[in-house]
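# Coordinates in review
Chain residues, written in single-letter form:
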Amino acid sequence: LQAMNEPRPANPVFQTAFAIMAGIGIGGVILFVTLTANSVLFPLPEGIDMEDAEAVRKAMEAAGVKSLTLVALGWFAAPFAGSFMSARLDPARGRLPGGVVTGFFLLSTVSSLATLPVPTWFWGVGLVAVLSGGHVGHGMGSVRTGAPSG
């Protein structure tokens, strides 16, 4: 009877899956907010044909580097927050949850870079932002605070 009242440990597979989904979810919200803010601050000109890559490229060129700042910030912040969250929710799995979360945002970023007419140097910015965001987020999320046990 005593054993029935004790909490059961979480299934490690479900705990890891939940940590990954939560990390992707929080990172996705952060990325959405930063990209939405960027499109409000730096809107494309009225009447631009989004199917015309040359017109989009010229519009982005005219907006300048400042229009890419929030994008790069979002590409850093999303895997940072996602990896941080996944490390906090599933500390026993090491780098696995944060790596999956970072991989998700890396694929998302590469997809964006491949479809949008951005300057070539922005590929480096995007890749470094995502990888460093995931790495730093996991590292900070893995740090445990409080009194030492023992």
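Above this text sits the structure in question.
Figured I'd write up the structure that's included with this text. Because the structure is predicted, anything quoted here is derived from the model rather than measured.

Of regular secondary structure, the chain possesses six helices and zero strands. The N-to-C order of helical and strand elements in the chain reads α-α-α-α-α-α. Buried residues in the chain amount to 29% of all 150 residues. Excluding contacts between residues fewer than 6 apart, the proportion of contacts in the chain whose partners are at least 24 apart in sequence is 79%. A total of about 9,400 Å² of accessible surface is found on the chain, and carbon and sulfur atoms cover 70% of it.

Here we take up the packing of aromatic side chains. Evaluation of the coordinates by the stated rule reveals five aromatic pairs. A centroid spacing of 5.9 Å and a plane angle of 20° characterise the contact between Phe76 and Phe80, whose relative ring orientation is stacked. Within this pair, Phe76 and its partner Phe80 are both found in helix α4 (residues 66-89), separated by four residues, close to a single helical turn. Look at Phe80 and you get partly exposed, because its relative accessible area is 22%. With centroids separated by 5.1 Å and ring planes inclined at 90°, the aromatic side chains of Phe104 and Phe105 adopt a geometry described as edge-to-face. Among the residues examined, Phe105 registers a relative accessible area of 3% and is labelled buried.

Let's shift gears to a nonpolar patch on the surface. A surface patch of nonpolar side chains, about 310 Å² in accessible area, is lined by Phe76, Phe84, Val136 and Met140. Those elements that provide at least two residues to the nonpolar patch are α4 and α6 (121-142). Inspection of the secondary structure assignment puts Val136 in helix α6. Among the residues examined, Val136 registers a relative accessible area of 34% and is labelled partly exposed.

Our next topic: the packing of helix α2 (residues 12-41) against helix α5 (residues 96-115). Running from N to C, α2 and α5 cross one another at 35°; their axes reach a closest spacing of 9 Å. Note that α2 runs across α5; the crossing there is right-handed. Two secondary-structure elements touch here, α2 through Thr16, Ala19, Ile20, Gly23, Ile24, Gly27, Gly28 and Leu31 and α5 through Leu96, Pro97, Val100, Val101, Phe104, Phe105 and Ser108. Grouping the amino acids of the contact of α2 with α5 by side-chain chemistry returns 10 nonpolar, five polar and no charged.

Scoring rules and cut-offs
- By convention here, each chain's residues receive numbers from 1 onward along its written sequence.
- For this predicted model, a pLDDT threshold of at least 70 governs which residues receive local features, and a threshold of 80 or more governs which side-chain atom pairs are given and counted, while totals over whole chains, interfaces and linings are taken from all residues.
- Think of the side-chain values as coming from all heavy atoms in the structure, minus any hydrogens and water.
- Secondary structure elements are defined from DSSP: runs of H or I of at least 4 residues count as helices, runs of E of at least 2 residues count as strands, and each element is numbered from the N terminus.
- Relative accessible area decides the class of each residue, using a 1.4 Å probe on protein chains only: under 20% of the type maximum gives buried, over 50% gives exposed, and in between gives partly exposed.
- In this analysis, two residues are considered to be in contact whenever any of their non-hydrogen atoms come within 4.5 Å of each other.
- To measure how exposed things are, a 1.4 Å probe is used in the Shrake-Rupley method; for residues, cover is taken only from the protein chains shown.
- To pair, rings of Phe, Tyr and Trp, with the six-membered ring standing in for Trp, must have centres within 6.5 Å; the planes then decide the type, stacked if under 30 degrees apart, edge-to-face if over 60, and tilted in the middle.
- Within this analysis, patches are made of residues with over 30% relative accessible area and no salt bridge. Like charges are joined at 9 Å or less; nonpolar side chains (Val, Leu, Ile, Met, Phe, Trp, Tyr) at 5 Å or less.
- A pairing counts as a salt bridge when a side-chain nitrogen of Lys or Arg comes within 4 Å of a carboxyl oxygen of Asp or Glu.
- Convention adopted: a line fitted to C-alpha atoms gives each axis, helices being fitted over their contacting stretch, and angles between N-to-C directions are expressed from 0 to 180 degrees.
- Left-handed describes a crossing whose near helix is turned anticlockwise from the far helix through less than a right angle; right-handed describes the clockwise counterpart.
- For this classification, Asp, Glu, Lys and Arg are treated as charged, while Ala, Val, Leu, Ile, Met, Phe, Trp, Tyr, Cys and Pro are nonpolar and the rest, including Gly, are polar.

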